[in-house]
Amino acid sequence: MSIEEMNELAPKKEVMFWNAHEIRQIEGFWFYAYLMESVAAFRSDFQPKSDDILVTSFPKTGTTWLVALCHNILHRDDRVEDDVLTRMNPHELVPTLDVFFLTDQVQDLVLNSDRSNRLLQTHLPYTCLPEAVRNSGCKIVHVTRNPKDTLVSMWHFFNKIVKRDPDTDPFPLEGAVESFCSGVLPWGPFHEHVVGYWEESRKRPDEVLFLTYEDLCRDPKREVRKLASFLGKPFSSVSMDGGDDEEVEKVLWRSSLGRLRELEVNKNVVSDLTQISNSSYFRKGTVGDWKNYLTPQMAGRVDQLTQLKLQGTGLSL
Ligand code: A3P
């Protein structure tokens, strides 16, 4: 479908809470109107390779962490001085394809590279991925997160990047809950987004790996071993002496919130590509932070919706 046809058909909505931009609904999901051209170009022009690794996520579910983990697994033999993440924020190194597909950075540096195992990233729902990706056999790694923590993380993020002036009141949290629960938010609805990848991971476990932020926090070593094996770069198995546990720990440390946040590049640098401060991607990184923000009524509303939407899927979040 051409961009003109898509625009013609797409229902439109002003987003009052998340930001000032209009969003449009395509194939059941909402996208920023100003990104329609980029989304359409990604969907029609992207040429995947069978050894590509595509990180997929709903925003604020752990994308930055997963990108860093994949990068550090693939480059674990690099000396720490050569670690490109000390010079580049993960979102610059691996830009979101549906957002930045038409930029030189993506076209020249990411897509035209003849590297094997290109590391790529998108927030598109599974059913909206380019047809070519779904048939390419490339590896898809999806991360998701508890919906209430995702919502609270998103609320903080938008307050930081859209409101900008720290002296004004934050966007009302009620509006964020409403938006999240109605599904009318960029890349939403959240639950349908997650279920698409979950179901595909059950059908094609060798090609689609489904991870959660909570599992990564609970047992990071196990999850990193699982991820590395899935990417075809396994660590040696754990034996009496712990196998190559040190290597796993190195990957975890290089990818950690504590380390990345303290790098100069992630402090007060505004990215030329994303136009936002690299520091915006790093906040608390704790499980259950929603308890500090959502009222019992708000939490109950999200829980009820989650229960309803995940019923019968075998997934619980
Ligand atoms: P909080 O807002 O709960 O702190 P995304 O990367 O998809 O934008 O998700 C952002 C969330 O992941 C934020 O959560 C952020 O603090 C957390 N995060 C960012 N980098 C991380 C890392 N390296 N390890 C763990 N969590 C990380």
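Our subject is the structure that appears above.
In this text, all values refer to a predicted model and were calculated from it rather than measured experimentally.

K.L.:
Can you help me understand the site of the ligand in this one?
P.N.:
Around the ligand sit 18 residues in total, of which T63, T64, S153, Y213 and G285 are the nearest. At 3.1 Å, a backbone N or O of T61 approaches an oxygen atom of the ligand. Isolated, the ligand exposes 560 Å² of accessible area, and the fraction of that covered by the protein chains is 96%. Placement of the ligand is best described as lying within the largest pocket. Elements supplying a minimum of two residues to the shell around the ligand: α3 (63–74) and α14 (257–262). Broken down by element, the residue count for the shell around the ligand peaks at three residues, all from α3. Of the residues contributing to the shell around the ligand, the split by class is six nonpolar, eight polar and four charged.

K.L.:
What should I look at first to understand the nonpolar core in this one?
P.N.:
Across soluble globular proteins, you tend to see nonpolar side chains buried next to one another. Ranked by size, the top nonpolar core spans 69 residues in total, and within it F31, F46, L111, L129, I140 and L294 carry the most contacts. Not counting the four nearest positions on each side in its chain, L111 is found in contact with F46, L97, F101, V106, R118 and L120.

K.L.:
It is not clear to me how the layout of surface pockets should be interpreted in this structure. Could you clarify?
P.N.:
Rolled over the atoms, a probe with the dimensions of a water molecule shows which regions are left empty. Space inside the largest pocket adds up to approximately 1100 Å³. K60, H91, F157, I276 and Y281 are the residues nearest the centre of the largest pocket, which is lined by 45 residues in total. Within the residue set of the lining of the largest pocket, elements represented by two or more residues are α3, α5 (97–100), α8 (147–163) and α14. In terms of residue count, the dominant contributor to the lining of the largest pocket is α8 (eight residues). Each residue belonging to the lining of the largest pocket can be placed in one class, and the counts come to 22 nonpolar, 17 polar and six charged.

K.L.:
Hey, could you run me through the sheet that holds strand β6 (residues 139–144) in this one?
P.N.:
Sheet strands pair via backbone hydrogen bonds, and the direction of the pair is either parallel or antiparallel. Within the open sheet, the four strands sit side by side as β5-β4-β6-β7. Their pairing is parallel. On the outer flanks of this sheet lie β5 (119–122) and β7 (208–212), each paired with one strand and no other. Neighbour to neighbour, the strand axes of the sheet diverge by 20° on average, direction disregarded. With five bridges connecting them, strand β4 (residues 53–57) and β6 associate as parallel partners. Looking across to β6, one finds that S57 is bridged to V143. Contacts between helix α10 (residues 190–203) and the sheet are confined to β4, β6 and β7, with β7 contributing the most and set at about 130° to the helix. Most of the contacts of helix α12 (residues 220–230) go to β7, to which it runs at about 165°, and overall it touches β6 and β7.

Cut-off values and rules
Residues numbered from 1 in each chain as written. Predicted model: local features only at pLDDT ≥ 70, side-chain atom pairs only at ≥ 80, totals over all residues. Heavy atoms only, no water. Near = heavy atom within 4 Å. Polar contact = N/O pair within 3.5 Å; in protein donor to acceptor, adjacent residues only side chain to side chain. Areas by Shrake-Rupley, 256 points an atom, 1.4 Å probe, with all protein chains shown as cover. 1 Å grid on protein atoms, 1.4 Å probe; cavity = no way out; pocket = protein on both sides within 12 Å on 5 of 7 lines; lining within 4 Å. Sits in = over half its atoms within 2 Å of the grid points. Helix = DSSP H or I, 4+ residues; strand = E, 2+ residues; numbered from the N terminus. Nonpolar A, V, L, I, M, F, W, Y, C, P; charged D, E, K, R; others polar. Core = buried A, V, L, I, M, F, W, Y, C linked by side-chain atoms within 4.5 Å. Buried < 20%, exposed > 50% of the residue type's maximum accessible area, 1.4 Å probe, protein only. Contact = heavy atoms within 4.5 Å. Points joined across faces, edges and corners; volume = space filled by probe spheres on them. Pairing = 2+ DSSP bridges. Axes fitted to C-alpha atoms, helices over the stretch in contact; angles between N-to-C directions.

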